[in-house]
Amino acid sequence: MSNQNHFDIIIIGSGAGGGTMARALAPTGKQILILERGDFIPREKENWDTEAVAVKKRYSPKNETWYFDGKPFRPGHPHYCVGGSTKLYGATLLRLREQDFEEVEHAGGISPAWPINYADLEPYYYLAEKWYYVHGEAGADPTEAPRSQPFPYLPLKHEPRIQQLNDDLQKLGYNPFPLPMGVKLGNENGQPGPVVDYNLIAHFDGYPDPTESKADAHVIGIKPALEYDNVTLRTNSTVERLETDSLGRKIERVIVKNGDGNEELYSADWVIVAAGAINSAALFLRSKSDKHPHGLANSSGLVGCNYMSHNNATFVALSKEPNDSLFQKTLGIADFYWGTDEWSYPMGFIQMLGKVDDVLMEWESPEHLLGMTHAEMAAHSLDFWLQSEDLPDPNNRITLNANNEIVLQYQLNNYEAHLKLTEKLKSILSYIGCHEHLVPVDFYLGHQFPYNLAHEMGTMKFGTDPHTSVLDTYCRPHDLDNVFVTDGSFFVSAGAVNPTLTIIAQTLRVADFIKQELYGGA
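All of the points below concern the structure found in this document. (Residues numbered from 1 in each chain as written. Predicted model: local features only at pLDDT ≥ 70, side-chain atom pairs only at ≥ 80, totals over all residues. Heavy atoms only, no water.)

1. Here we look at the packing of helix α1 (residues 16-25) against helix α11 (residues 500-518)
Alright, step 1. Where α1 meets α11, the axes come as close as 9 Å, and the angle between the chain directions of the two elements is 35°. Where α1 crosses over α11, the handedness of that crossing is right-handed. In this structure, α1 contributes A16, G17, T20, M21, A24 and L25 to the contact, and α11 contributes T500, I503, I504, T507, L508, V510, A511, I514 and K515. (Axes fitted to C-alpha atoms, helices over the stretch in contact; angles between N-to-C directions. Helix = DSSP H or I, 4+ residues; strand = E, 2+ residues; numbered from the N terminus. Left-handed = near helix turned anticlockwise from the far one by under 90°. Contact = heavy atoms within 4.5 Å.)

Spelled out as C-alpha cells, the structure:
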C-alpha cells in the first residue's frame, strides 16, 4: 500500500460523530482522512421544496434496500451526504436528564444504568452547546440536569401564537420552556440578541438549510476541519470492510468503494467509525474474518443488538385562531418526563416542530377537516413532536442477509408510556385554543418502516465488561486496539430526548482521550 494511502487517523462518516471528531482532532497536525459515502448536498431551490423533500424524498438514499419483517423497503434515513443526517435534522439539542444515566423503572421494564454518569459528560455537553450554537435558558426546564454554566447563547424568542401557547400552558400549571436549538444567528459574538430573520429558517426542520444557519455537522464540524491542511475529505467513498492484522487486534486495511465502483485501500494508525448506529454495526458484521468469525469485535455477540429509536409521534393540532408563526419550534414541555401523580412511570417529552404547509397537509390528511381547505388547515396548525423512551432489547437488532444487506428486527416496547403522553396532549387541546382533533404526520417518521430511523442508538453499547458490552467507556471496542466508534451505537438506554447532543458530547470526550492518552495532549 502506498504511503499516499496511509494516514494517522481515518474517520468514517461526517455526521454528528464524524464531523465533530474531525474538527476536534484537526489542530493536532495529524494526517486525517474523512471518508464520506455521500456527497455535498447542493444549494438548490429544492432544498426548501416540500414536494421534493417530503414527498419525493430527494435527499434520502437512492439505491438502498433494507428489509423489515421479510419485506424490502427504501429507508428515508439515514442521509448519505457531507454532514450526514444532521443536514436534515431539526437541530433540537437537549442534554439527557441526570437520572437518565441511572437505572430507571418504566411501565414496560427497566432502563439500565450507563457505565458513566452525567458529571462525566457535563463539561462536554457545554462545549457541544458552544460549538453548535445552542440557544436556551438555564433553569427553565424543571427536569434539566445541573449545569456548570448557563447556555452559551440566549433562547430564541417565541412568535405571538407560540407565546400564547406558552402562557396558556403556564395557566394550566405546566412549565413550558425555550427549546434548546442549534442555530447560527450571526450575532452570537457579543452582540445583543437573539435577533433572527425567521423567514430564513422557516424551512429548517427536516430540510437542508442553504443559508447554513442550521448548526449541522457539515457547517460546524467539517468546514472548520477542512481549514487545516492536514485534513482530507473524500466523498462518494463507501467503506465496505475493515480488515485486521494477523493477531486480529488492529485494523490494518480500510477497504473502500469509490464513486466509480472501484476498490481503494487505505490504512491508518487509528480508525474512527461514525457511520451511524445501523451502518456502523452493519460494517462490523460485514467485516467478519477468521479472527472475528461472528463479525468484527463481536466476541460478546452484541454487535447489532439493542437497537433503539424512541417511541415517537408527530401531530398537528388545529388552532381555533390562525397561527402565522414562521418558526414555531421554540417551545418544549417536560412536565410528564418522569410521570405524573396519576401515573408514576416516565412518559416522555413534548416539543414543537416546524410548521407544515398546504402541500404537506394534503399529503398527510387527504380529507379536509372542520370545513377547512388544506391551506387553511396549514395556516391554523400547531405542530407537536412526542417522544418516549423505548427500552434496549437484544432481539431488536441489525443483522445482514446473504447479500450483506441490512435487515431490521424490531418489536415495540414500553409503548403504554407513549400512549399516556399522547393522551396528555389531547387532554389539554381545548385549553390551549385548539380543536379537539390531532392529525398524525408521517413526514418525520416515514411510511414504510413504522419506527423512527432518524434516532439510531444502541447497536454497540459501551460498558466495562467485555462479555456484556461491545465498547469500553471511551468507545473503543474491547476486542480491538486502534478503533473508536463515535455515533449513537454506544447508547445503553435512549432517554426521551433527541440523542444528537449526547453523541456530540461523548465524541468530544473521546477526542480528548485520543489527544491526551495517545498523542500526549497534542
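2. Points about the nonpolar core
Alright, step 1. Ranked by size, the top nonpolar core spans 103 residues in total, and within it Y132, L242, V254 and F284 carry the most contacts.
Alright, step 2. The biggest single contributor to this core is α11, with nine residues.
Alright, step 3. Ignoring anything within four residues of it in the chain, the contact list for L242 reads I12, I251, R253, V254, V273, L283, F284, S287 and L296. (Core = buried A, V, L, I, M, F, W, Y, C linked by side-chain atoms within 4.5 Å. Buried < 20%, exposed > 50% of the residue type's maximum accessible area, 1.4 Å probe, protein only.)

3. Brief notes about the sheet that holds strand β18 (residues 397-400)
Hydrogen bonding along the main chain pairs the strands of a sheet, whether they run parallel or antiparallel.
Alright, step 1. Read across the open sheet, the four strands follow the order β4-β3-β19-β18; overall the sheet is mixed. The strands lining the two open edges of the sheet, one partner per strand, are β4 (71-73) and β18. Neighbour to neighbour, the strand axes of the sheet diverge by 35° on average, direction disregarded.
Alright, step 2. Direction of pairing for strand β3 (residues 66-68) relative to strand β19 (residues 406-409): parallel, over a ladder of two bridges. Along β19, the bridge assignment pairs F68 with L408.
Alright, step 3. Its contacts with the sheet place helix α7 (residues 277-286) against β3, β18 and β19, and it is angled at close to 40° to β18. (Pairing = 2+ DSSP bridges.)

4. As for the pairing of strand β2 (residues 32-35)
A regular strand carries its side chains on alternate faces of the sheet.
Alright, step 1. In β2, alternate side chains face the same way, and those of I32 and I34 on one face and L33 and L35 on the other are all buried.
Alright, step 2. Across four bridges, the pairing between strand β1 (residues 6-12) and β2 is parallel. Across the sheet, I10 pairs through a bridge with L33, a residue of β2.
Alright, step 3. Crossover β1 to β2 through α1 is right-handed.
Alright, step 4. Note: β2 against strand β10 (residues 231-234), four bridges, orientation parallel. Paired with I34 across the bridge in β10 is L233. (Right-handed = clockwise from strand over helix to strand, strands pointing away.)

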